[in-house]
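Descriptive analysis of the structure
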Amino acid sequence: MFAEIHAGSPAARIDFRRDYDSLTYRLCHVPAHVARRVRRLMEALGLRYVALDFLVDRDNRDWHLIDVNPGGQFGFVPDLRAPITQALADVLEGRQ
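Figured I'd write up the structure that's included with this text. (Residues numbered from 1 in each chain as written. Predicted model: local features only at pLDDT ≥ 70, side-chain atom pairs only at ≥ 80, totals over all residues. Heavy atoms only, no water.)

1. A look at the pattern of salt bridges
With the rule as written, the count across this model stands at five salt bridges. Linking Arg 95 and Glu 93 is a salt bridge whose minimum nitrogen-to-oxygen distance equals 2.9 Å. Residue classification places Glu 93 among the exposed residues on the basis of a relative accessible area of 57%. Linked through salt bridges whose partners overlap, the residues forming this network are Asp 90, Glu 93 and Arg 95. (Salt bridge = Lys/Arg side-chain N within 4 Å of Asp/Glu carboxyl O. Buried < 20%, exposed > 50% of the residue type's maximum accessible area, 1.4 Å probe, protein only.)

Structural data, given as structure tokens:
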């Protein structure tokens, strides 16, 4: 599950944590080749959950991985909170 974070102020463009009120969020489509590489990265690192930060060009063609967060935050993105929490609970209970 991926979400886009759009910075709505100069401060948020430098670091989105500097101006949460200016942020907007959308679930986003991830190209198949990026999703495959994310799964390979997770396998190589032995991770069941990871929050990855990408910079993506305006045409959605070039995806640049900039950060790997094995314990990354997701609760501040409204559309991700419930589905990721449920998926993590499923893993912890052995359902996945």
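Picking up after the structure, the text goes on.
2. A few points about unusual backbone geometry
You will see that Asn 60, though not glycine, has its phi angle at about 65°, which is positive. Mapped onto the elements of the fold, Asn 60 is located in the loop between strand E3 (51-56) and strand E4 (63-69). (Helix = DSSP H or I, 4+ residues; strand = E, 2+ residues; numbered from the N terminus.)

3. Describing the side chain of Asp 90
Here Asp 90 lies in helix H3 (residues 78-92). If we skip the residues at most four places from it in the chain, Asp 90 touches Arg 95 and Gln 96. (Contact = heavy atoms within 4.5 Å.)

4. Some words on the environment of Met 42
Structurally, Met 42 is set in helix H2 (residues 32-45). The sequence separation of Met 42 and Asn 69 amounts to 27 residues, and the corresponding C-alpha distance is 11 Å. Look past the residues within four positions of Met 42 in its chain and what remains in contact with it is Leu 47, Arg 48, Tyr 49 and Val 50.

5. Description of the layout of surface pockets
Approximately 1,900 Å³ is the volume found for the largest pocket. Mapped onto the lining of the largest pocket, the elements with two or more residues apiece are strand E1 (3-6), helix H1 (10-14), H2, E3, E4 and H3. Among the residues making up the lining of the largest pocket, the classes are represented as 32 nonpolar, six polar and eleven charged. (1 Å grid on protein atoms, 1.4 Å probe; cavity = no way out; pocket = protein on both sides within 12 Å on 5 of 7 lines; lining within 4 Å. Points joined across faces, edges and corners; volume = space filled by probe spheres on them. Nonpolar A, V, L, I, M, F, W, Y, C, P; charged D, E, K, R; others polar.)

6. Description of the pairing of E4
By the bridge criterion, six bridges tie E3 to E4 in an arrangement that is antiparallel. Paired with Val 56 across the bridge in E4 is Trp 63. The hairpin turn running from E3 into E4, its antiparallel successor, is six residues long, and Asn 60 in that turn takes a positive phi close to 65°. (Pairing = 2+ DSSP bridges.)

7. Topic: the packing of aromatic side chains
The relation between two aromatic rings is expressed through the spacing of the ring centres and the mutual angle of the planes. Summed over the entire model, instances satisfying the criterion amount to three aromatic pairs. Aromatic pair Phe 16 and Tyr 20: ring centres 6.2 Å apart, planes at 85°, arrangement edge-to-face. Relative to Phe 74, the ring of Tyr 49 has its centre 6.1 Å away and its plane inclined at 65°; by these criteria the two rings are edge-to-face. With Tyr 49 in the loop between H2 and E3 and Phe 74 in the loop between E4 and H3, the pair connects residues that are 25 residues apart, well separated along the chain. With relative accessibility at 17%, the residue Phe 74 sits in the buried group. (Phe/Tyr/Trp six-rings, centres within 6.5 Å; stacked < 30°, edge-to-face > 60°.)

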